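Observations on chain architecture
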Amino acid sequence: MWIYTLKRVGLSIVIVFSALFVLFALLRFLPGDPITIALGPRATPEAIARYSEKMHLDDSTLVQFLVYARNALTGDLGTAVFSERSVATMVFEVLPFTLLLSVAGLGWAMLFGIPLGCFAAVRPNTLLDRITGIISIGTIAVPSFVVSIWALLFFSIELGVLPAIGAGEPGDSLDQALHLILPAFAVGLGWVGYLARMVRASMLEVMGENYIRAAQAFGLPRQTIIYRYALRVAILPTITLIGIGFGGLLSGAVFAEIIFGRPGVGRLIFDSITGRNFPVVQGAVLVITAIYIIVTLIADLVVAKLDPRVRESL
Amino acid sequence: MPTIKLTRRQVLASSLAAGAAGAFGVVPSFGKAQDNVLYVRFDSDLAVIDPGYMVGGVDIETQKAVMPSLVEYATLPDGALGWQATVYCNSVTQRDDLHIDFELKPGFMWTNGYGELTADDVKYSFERMKTTDWSGNFDPMERVDVSGPYTGTIVLNTPFAPFPMVTLAAGPATVLSRKAMDAVGGQFTTEFPATCGPYVLQWAPQQRITFLPNPEWTGPAPAFSEIRALIIEEDRAAELAFEAGEVACTEITPATVARYGDTPPDGSSIKVAGALQYMWMGMNTEHPKLSDIRVRQAIQHAVDVDSVIQGAYSGTTEKSNGIVCPGLVGHRTATKYSYDPEKAAALLEEAGVSGLELDIKTLNVQERILAAQIIQANLGAIGINATVTPVDSGPFWEMGSEAAGEQWKDLELWIMRFGTAPDPYECTQWFRRDQVGVWNWERWSDDEFEALYLEGLSETNSDRRNEIYLRMQEIMEDTGAYLWINHEPETFIYRNDVAIDVYPSGEMDLRDFRPA
Amino acid sequence: MSANPSDIAVAPPAKVERRFSERREKLLSFLQNGPGMFGLILVVLFFASAIFAPWIAPYDPNALDIPARMQGPSWAHLAGTDQLGRDTFSRVLFGGRVALKIAAIGVSASLALGIALGIIAGYGPRWLDSLLLLLFDTVRAFPVIVLALAVVAVTGPSLELVLIIIIVTSVPGYARLVRTSTLALKNTEFITAERSLGASSSRIMAKHIMPNVVGPLLILGAMDVPVVVTVEAGLSFLGLGVLPPQASWGTILNEGYLAIRETPWLVIAGGIPLVLTTLGFTFLGEALRDVFDPRLRKGR
């Protein structure tokens, strides 16, 4: 397990570096002078000289990349164009909102989706199974940003029962929770169906295995079989899927933030694009990507812990 | 630089983050009441609050609430717009064309221990402005003479009657503390080194801007125990917030103005702050495709501006015939061209042009994109194949600027809107010869226009001024490079339990907000 | 590498010969698959409405009619009109053309590239394989929308760019599938025998590896179409893809969202085709998978 962990973490680090390189290269493709892009049109000559020196703009591209990488890894993501605030500060200020939204979305999806999949699996081809199937497909078929817009239309504008915009009053948990309902609902809805189907399919496969049938033959209670044995194994592909799908969740969160006017990294990126605040875009994308890499890493490690077969594949 | 309002981007960039509590006094829809806290809406986050380098809009609104100024807008007894001294001054008098005397009230203290507000601070602040981005507003000013700890005189270098209205009452004339500025190196971005106003500023970036009462304030007590400015960039999102009881006051879109008609929601009222903006479609006279004046005139005749106003502005804005806004001397009530597609086609034919392809650039704002699409259709009807290119604000404001590169050569057609001050001279300054490649993107000049500009600055007879500015706009129209569109007003909706104060240029003056 | 469903899924090579009746059986079973048929109908509808849009659409999608703006559905305008009086139904049909173009080009280019890279990775030297895998993992490390935002920040919005981003982010999925299959096949006796007989690598790739991966790939491709179409719609919704006045489902949703308080019909009209397309291709893909490649099933 340890060897696998080491290999896997090593791989993640390499991927982080590649991602860093992609972002670094992206900035190079910007039309215009990199200094003006980074500092904005109001930069004084002193600021330009300082920046040029700090970023080693006279040295080779490789050195520049290493400087950029070192800065990024030590938490220096540069400064925003107009306000000269630290990008890292700006990103980490709003990151909790994005994480909260993603986790809330995924959380409610797991809460509903996994049991739904389970129930459908133990009662295959019954009415419940068919209904679950329809619900699953239905929720997957609607793209998450469309869910966001329709939810806004229906619950906020037409019915007026839920707040439309913002994250709620800081310090007031109830209010923040209220503001979280619609966005989390929208972000997680597609996942309910997805998880339900995944769990159902896995469960059916596992339930067909010999050792399960043996357990049944031995007279173990059905509940025990389902929840202690079958589910444990069936959940594994789901964990992997959640890990990989977290990226999609983050994408959904970006849309939800924009549509519902919530603060968050996604909205920060979008605002910074329109505001031509490239250092912020770069820094925020980097942070999101790093989080995604970490999440997939954790998911993989969890799965590897539970399923030794996977460890061989690295 | 023109008073460019911070652009309202598409609703996708809306950014409210807080505020379910209702506005002052009203029980909001989510049952949470607060005492004496006012919730207002800012249409963007603070960018740079140093008056010399600010962007505008909310930067100005913030400065007005926490920093001293000498003069503010006021409605005169006859209903016209004028100016008066602020609470910081015992008096401000325009002694003659070249001198404005002021006398500060003693006892106003800067925060952070920087001592008392003195005339020397005024001298420092205004003279400093001459070397900043907003220096244009202080060009007519020569210097400030200090005659006592609280008294001084603003000395102009040319007779300029509108100076108090245009510069002193508007955004750039914020007074800074010399000592505090020296301590921070003469410039700042997002934090005032020292303030002196009824409120002090507390800022949570991207979320809210809070104004708390200033404990060191010696002037009239602030009306609220707290003002929370929620940052909602898009008007539509702000309207939703208003209807949900989350803000007491916000600007609204033309579509909403049309929707409300004469009956705003219960318990609220609508106030039109002023139509101090002018929008037009400009044409680059030096571009090969547009250098023939007949082509430009054809375009002028091809567009049905009424349908633009109907389609893009829900019929709620006033069609413009020039750049001088309604209510000001020199406001034009008719154009020489009219919507006449046949004439347009004939002009094109006369110019020997067919199959022309043009690009219309516009800021990435929904109403303007819609307007551009209508114009596109109109041009299509006379055989001009036009494309619409929405541009974000960063690149947009540089499109015609020679200093920003070579892109101005490719500029063809674009929709532009400037905000202005309540005096006709202000809007004409951007179309002079020396503005070619700066803000005169149409790239023309005219000797008579130059002469009239100078005459208008020092002329005091309003009939003569009227003639001057009418003629200047006629000259502009005759270049063929201008298609006048409209004067967009700033319309606000507010709860009836609050009395608001908004400038004609659309900024809120929070000092004057009070419970009604 | 991380446990990847596509790694586990593809099994050893299928038989080279199939009996005719086996094929017939599969076809029948496909036709009897209810959801699959429903999906097929939706997919055909999607293709037909997009291809024949110029003939079906009652109005020119860009024709303005200001006096008729912001109307709800009526006999004159089946889905109502937008702020400029344009017929929403016609715009939806023409938006389908954009979706079709993106889907067709996007999926086919991704498939082609994915197949090529996957075979190279599987069949080529170890270091190349590792490098390519690193490349795939790096691309996959970015959430698609976030990567798109980062790129658009640099270049500005454009449809072509959206296409490139979609292709770049889809390729790793296909490539890995092909790579796994290639690896599995590489060392079978069959291939070894062919090699010993002097068959060149490219011939082996083309004649033996390809036919065995094409099936699963086409199925994945079908399932990928809704993803691709949704990404384009999402980016156009943000104003980063198709630009006005061109109609795309994303821009209709955008305009609808901006006018959401004036009329709900635009966002409804913009969202429904996305839902139907996703439903159609998903059902179709699953039916195909169930019938033609049961190995990919996770039990039923």
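Please read all numbers here as calculations on a predicted model, not as lab measurements.

1. Notes on unusual backbone geometry
All names here are of chain B. For serine 314, which is not glycine, the phi torsion reads 50 degrees and is therefore positive. By secondary structure assignment, the location of serine 314 is in the loop between helix H8 (305–313) and strand S14 (318–319). Classification of serine 314 by relative accessible area gives buried; the value is 14%. The backbone of arginine 443 sits at a positive phi, close to 60 degrees, despite the residue not being glycine.

2. Considering the sheet that holds strand S9 (residues 208–213) of chain B
Residues and elements named next belong to chain B. With mixed pairing, the 4 strands of this open sheet are ordered in space as S1-S10-S9-S8. The open sheet is flanked by strand S1 (37–42) and strand S8 (199–204), the only strands paired with a single partner. On average, each strand axis in the sheet is inclined to that of its neighbour by 20 degrees, with strand direction left out of account. Bridging between S8 and S9 involves 6 bridges; their strand directions are antiparallel. Paired with glutamine 202 across the two strands is threonine 210, which belongs to S9. Of the strands in this sheet, S1, S8 and S9 touch helix H1 (residues 58–66), which is tilted by about 140 degrees from S8.

3. Here's the deal with the interface of chain C and chain A
The interface of chain C with chain A comprises 43 residues on the first partner and 56 residues on the second. Carbon and sulfur atoms make up 79% of the area that chain C and chain A hide from each other, which totals about 4,300 Å². Taken together, the connections running from chain C to chain A amount to 1 salt bridge. Here glutamate 286 of chain C ties to arginine 197 of chain A by a salt bridge, and the two come within 2.4 Å at their closest N and O atoms. Taken together, the connections running from chain C to chain A amount to 5 residue pairs in polar contact (both at pLDDT 80 or more). Considering every element that reaches the side of chain C that touches chain A, the biggest residue donor is helix H12 (residues 265–292) of chain C, with 10 residues. By residue class, the composition of the side of chain C that touches chain A is 30 nonpolar, 7 polar and 6 charged.

4. Observations regarding the packing of helix H5 (residues 88–123) of chain C against helix H6 (residues 126–141) of chain C
Residue and element names in this part refer to chain C. Two elements in contact, H5 and H6, have axes separated by 7 Å at closest approach and are oriented at 140 degrees. Here H5 is positioned oblique relative to H6, judged by the angle of their axes. The crossing of H5 and H6 is left-handed. Note on element contacts: H6 touches H5 through Leu128, Asp129, Leu132 and Phe136, opposite Leu117, Ile120 and Ala121. When grouped by side-chain class, the residues that make up the contact of H5 with H6 number 6 nonpolar, no polar and 1 charged.

5. Quick look at the confidence of the model for chain C
Low pLDDT marks regions whose predicted coordinates should not be analysed in detail. Residue and element names in this part refer to chain C. Confidence along chain C averages 82 in pLDDT terms, with 88% of residues attaining 70 or more. Note that residues 5–12 has pLDDT below 50 and, in this model, 11 contacts with residues that lie over four places away or in other chains. The ipTM, which scores confidence in the relative placement of chains, is 0.80 for this predicted complex, and the corresponding pTM is 0.80.

6. Considerations on the nonpolar core
Ranked by size, the top nonpolar core spans 156 residues in total, and within it Phe145, Ile149 and Ile269 of chain A together with Leu149 and Phe237 of chain C carry the most contacts. Top element by residues in this core is helix H8 (residues 159–186) of chain C. It accounts for 13 residues. Not counting chain neighbours up to four residues away, the residues in contact with phenylalanine 145 of chain A comprise Phe255 and Ile259 of chain A together with Thr230, Ala233, Gly234, Phe237, Leu253 and Leu274 of chain C. Residues Phe192, Ala223, Leu347 and Ile384 of chain B belong to the second largest nonpolar core, which totals 146 residues.

7. Observations regarding a nonpolar patch on the surface
All names here are of chain C. Together, Phe47, Ile51, Phe52, Trp55 and Ile56 make up a nonpolar patch on the protein surface, roughly 550 Å² of accessible area in all. Checked against the element boundaries, isoleucine 56 lands in helix H4 (residues 53–56). Residue class for isoleucine 56 comes out partly exposed when judged on its relative accessible area of 43%.

8. Some thoughts on the environment of alanine 120 of chain A
Residues and elements named next belong to chain A. Of note, alanine 120 is situated in helix H5 (residues 87–122). The spatial distance from the C-alpha of alanine 120 to the C-alpha of glycine 248 is 25 Å, given a sequence separation of 128 residues. Excluding its chain neighbours within four sequence positions, the residues that come into contact with alanine 120 are Asp129, Thr132 and Arg200.

9. Overview of the side chain of serine 18 of chain A
Its place among the elements puts serine 18 of chain A in helix H1 (residues 2–28). Not counting residues within four places of it along the chain, the set of residues in contact with serine 18 of chain A comprises Leu134 and Thr138 of chain C.

10. Some details on the packing of aromatic side chains
Two aromatic rings are characterised by how far apart their centres lie and by the angle between their planes. Residue and element names in this part refer to chain B. Scanning the model with the defined rule gives 46 aromatic pairs over all chains in all. Ring geometry for phenylalanine 396 and tryptophan 397: centres 5.0 Å apart, planes at 85 degrees, overall edge-to-face. Overall, phenylalanine 396 belongs to the buried group, its relative accessible area being 0%. Residues tyrosine 482 and tryptophan 484 carry aromatic rings whose centres are separated by 5.2 Å and whose planes lie at 15 degrees to one another, so their mutual orientation is stacked. As far as burial versus exposure is concerned, tyrosine 482 and tryptophan 484 are alike and both buried. If you follow arginine 495 out to its NZ or CZ, it ends over the ring of phenylalanine 242, 5.5 Å from the centre.

Criteria and cut-off values
- Residues numbered from 1 in each chain as written.
- Chains lettered and ligands numbered in written order.
- Predicted model: local features only at pLDDT ≥ 70, side-chain atom pairs only at ≥ 80, totals over all residues.
- Heavy atoms only, no water.
- Helix = DSSP H or I, 4+ residues; strand = E, 2+ residues; numbered from the N terminus.
- Buried < 20%, exposed > 50% of the residue type's maximum accessible area, 1.4 Å probe, protein only.
- Pairing = 2+ DSSP bridges.
- Axes fitted to C-alpha atoms, helices over the stretch in contact; angles between N-to-C directions.
- Contact = heavy atoms within 4.5 Å.
- Buried area = accessible area lost by both parts, 1.4 Å probe.
- Salt bridge = Lys/Arg side-chain N within 4 Å of Asp/Glu carboxyl O.
- Polar contact = N/O pair within 3.5 Å; in protein donor to acceptor, adjacent residues only side chain to side chain.
- Nonpolar A, V, L, I, M, F, W, Y, C, P; charged D, E, K, R; others polar.
- Parallel < 35°, antiparallel > 145°, perpendicular 65-115°, else oblique.
- Left-handed = near helix turned anticlockwise from the far one by under 90°.
- pLDDT = per-residue confidence, 0-100.
- Core = buried A, V, L, I, M, F, W, Y, C linked by side-chain atoms within 4.5 Å.
- Patch = residues over 30% accessible without salt bridge, like charges linked within 9 Å, V, L, I, M, F, W, Y side chains within 5 Å.
- Areas by Shrake-Rupley, 256 points an atom, 1.4 Å probe, with all protein chains shown as cover.
- Phe/Tyr/Trp six-rings, centres within 6.5 Å; stacked < 30°, edge-to-face > 60°.
- Lys NZ or Arg CZ within 6 Å of the ring centre and 35° of its normal.

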